[in-house]
Amino acid sequence: MAGSASDPSPSAADRVEGALLDPFLSLRACENTLKRWAGNGVRRVVAQPAVLAAVHPELYPDVRFVGVVGYPSGGQTLTSKRVEVLECLRLKASCASVVLAHSLLADMDAVGVRAELKQLLETAPELEMEFIVEWGALDEQSRTWFLRMIKDHRPAAVRAGTGVYTALPSPGTIREVRSRLDRKVALHVLVPDDMIERAGDFIGAGADRIQSSRPEEAIRVLS
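Note that the structure is predicted; figures quoted are calculated from it, not measured.

*Asks:* Would you explain the nonpolar core in this entry?
*Replies:* Side chains that are nonpolar tend, in soluble globular proteins, to be buried together. Counting residues in hydrophobic clusters, the biggest one holds 58 residues, and the most contacted among them are Phe65, Val85, Phe146 and Ile210. For this core, the element with the most residues is helix α6 (residues 140-152), which contributes 5 residues. Ignoring any residue separated from it by four or fewer positions in sequence, one finds Phe65 in contact with Leu34, Val45, Leu52, Val55, Pro57, Tyr60, Ala93, Ser94 and Cys95. Ala19, Val68, Tyr71 and Val99 belong to the second largest nonpolar core, which has 9 residues in total.

*Asks:* Please explain the packing of helix α3 (residues 78-90) against helix α5 (residues 110-123) as it appears in this structure.
*Replies:* The relative placement of two packed helices is expressed as an angle between their axes plus a distance between the axes. It is the contact of α3 with α5, at a shortest axis distance of 10 Å, that shows an interaxial angle of 25°. The angle between α3 and α5 falls in the class roughly parallel. Viewed along their axes, α3 and α5 form a crossing whose handedness is right-handed. Along the contact surface, α3 presents Leu78, Lys81, Arg82, Val85 and Leu86, while α5 presents Ala115, Glu116, Gln119, Leu120 and Thr123. Residues of the contact of α3 with α5, tallied by class, amount to 5 nonpolar, 2 polar and 3 charged.

*Asks:* What is the right way to read the side chain of Arg15 from this model?
*Replies:* You can see Arg15 is positioned in the segment before β1 (16-20). No salt bridge is formed by the buried Arg15. Its closest oppositely charged neighbour is Asp208, at 4.3 Å. Other than its neighbours up to four places away in sequence, Arg15 contacts Pro10, Ile203, Ala207, Asp208, Arg209, Ile210 and Leu222.

*Asks:* Is there a simple way to think about the pairing of strand β2 (residues 44-47) in this case?
*Replies:* It is a general feature of regular strands that their side chains alternate between the two faces of the sheet. What you see with β2 is no split at all: Arg44 and Val46 on one side and Val45 and Ala47 on the other are buried throughout. Pairing analysis gives 3 bridges linking β1 to β2, with the strands arranged parallel. Across the sheet, Gly18 pairs through a bridge with Val45, a residue of β2. Summarising the sheet, β2 and strand β3 (residues 64-69) pair through 4 bridges and their orientation is parallel. Following the sheet pairing, Val45 is matched in β3 by Phe65. With respect to chirality, the unit in which β2 leads through helix α2 (residues 49-55) into the neighbouring parallel β3 is right-handed.

*Asks:* I'm lost on α5 in this one. Help?
*Replies:* A turn of α-helix holds 3.6 residues, and therefore any two residues three or four places apart point the same way. With 14 residues, α5 extends 20 Å between its outermost C-alpha atoms, agreeing within 8% with the 20 Å of an ideal straight helix rising 1.5 Å per residue. When α5 is considered as a whole, its buried residues turn out to be Gly112, Val113, Glu116, Leu117, Leu120 and Thr123. Mapping the buried residues of α5 onto a view down its axis gives an arc of 140°, with all of them on the same face. The elements touched by buried residues of α5 are α3, β4 (95-99), α4 (102-107), β5 (128-132) and α6. The backbone nitrogen of Val111 lies 3.2 Å from a side-chain oxygen of the residue at the head of α5, namely Asp109.

*Asks:* What is the right way to read the side chain of Arg178 from this model?
*Replies:* With respect to the secondary-structure elements, Arg178 resides in helix α7 (residues 171-180). Relative accessible area serves as the criterion here: at 5%, Arg178 is assigned to the buried category. Polar side-chain contacts of Arg178 include one of 3.0 Å to the side chain of Asp208.

*Asks:* Help me out: how do you make sense of the layout of surface pockets in this one?
*Replies:* Empty pockets left among the atoms are what a rolling probe the size of a water molecule brings to light. Here the largest pocket is characterised by a volume of approximately 300 Å³. Forming the walls of the largest pocket are 17 residues, and the residues nearest its centre are Ala19, Leu21, Asp22, Asp193 and Ser213. Going through the elements one at a time, β1, α1 (27-39) and β8 (209-212) are the ones with two or more residues in the lining of the largest pocket. Taken together, the residues of the lining of the largest pocket sort by class into 9 nonpolar, 5 polar and 3 charged.

Cut-off values and rules
Residues numbered from 1 in each chain as written. Predicted model: local features only at pLDDT ≥ 70, side-chain atom pairs only at ≥ 80, totals over all residues. Heavy atoms only, no water. Core = buried A, V, L, I, M, F, W, Y, C linked by side-chain atoms within 4.5 Å. Buried < 20%, exposed > 50% of the residue type's maximum accessible area, 1.4 Å probe, protein only. Helix = DSSP H or I, 4+ residues; strand = E, 2+ residues; numbered from the N terminus. Contact = heavy atoms within 4.5 Å. Axes fitted to C-alpha atoms, helices over the stretch in contact; angles between N-to-C directions. Parallel < 35°, antiparallel > 145°, perpendicular 65-115°, else oblique. Left-handed = near helix turned anticlockwise from the far one by under 90°. Nonpolar A, V, L, I, M, F, W, Y, C, P; charged D, E, K, R; others polar. Lys, Arg positive; Asp, Glu negative; His and termini not counted. Salt bridge = Lys/Arg side-chain N within 4 Å of Asp/Glu carboxyl O. Pairing = 2+ DSSP bridges. Right-handed = clockwise from strand over helix to strand, strands pointing away. Expected span 1.5 Å × (residues − 1). Arc of directions from axis to C-beta. Polar contact = N/O pair within 3.5 Å; in protein donor to acceptor, adjacent residues only side chain to side chain. 1 Å grid on protein atoms, 1.4 Å probe; cavity = no way out; pocket = protein on both sides within 12 Å on 5 of 7 lines; lining within 4 Å. Points joined across faces, edges and corners; volume = space filled by probe spheres on them.

Distances and angles like these do not, on their own, reveal function.
Here's what the structure looks like:
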């Protein structure tokens, strides 16, 4: 997998993921943005299922698509999330990026979290699976517990926050997460627009891929 924790030398484009997650962006604007990104070398794009349905991923053979599931709260039922994962598969995404149920993580509910992790991974094994956790909203005990849980139900990647409910992690936080995360699990991070010039700091801190609404600029910074 390009840009994974096991890839020693991914290119700048492999390190970047374009984010089409603005809920107020029209579907036509999403399509125009995607065409521009694809023409400028963006190779991976994350979007909500409705956007995937509108833009027809099969028209962009050089772009890998990531469908978000349970975004942004993670409060949907497990059944709802599994249906969304299957929608990502139907809509030609190659990855599902799932927001985990924060209430279960906060309670350290082993039965609930184990069921969510296991069943999501089993719903569509052909899809790369990423779990999103609001790292900034968890206390230290919950963080340690979560990292232990995913050793038994290992995703392809973890993303440390959506930026919707808590502040996005700094390079220092990414360094701390990377030092504790299983080396076989990639670490992804959303970089705010006003920090895009510091994209290299996040990679240097241990992020395997950054997500940005300005992916062309991120590729430039990392090149």
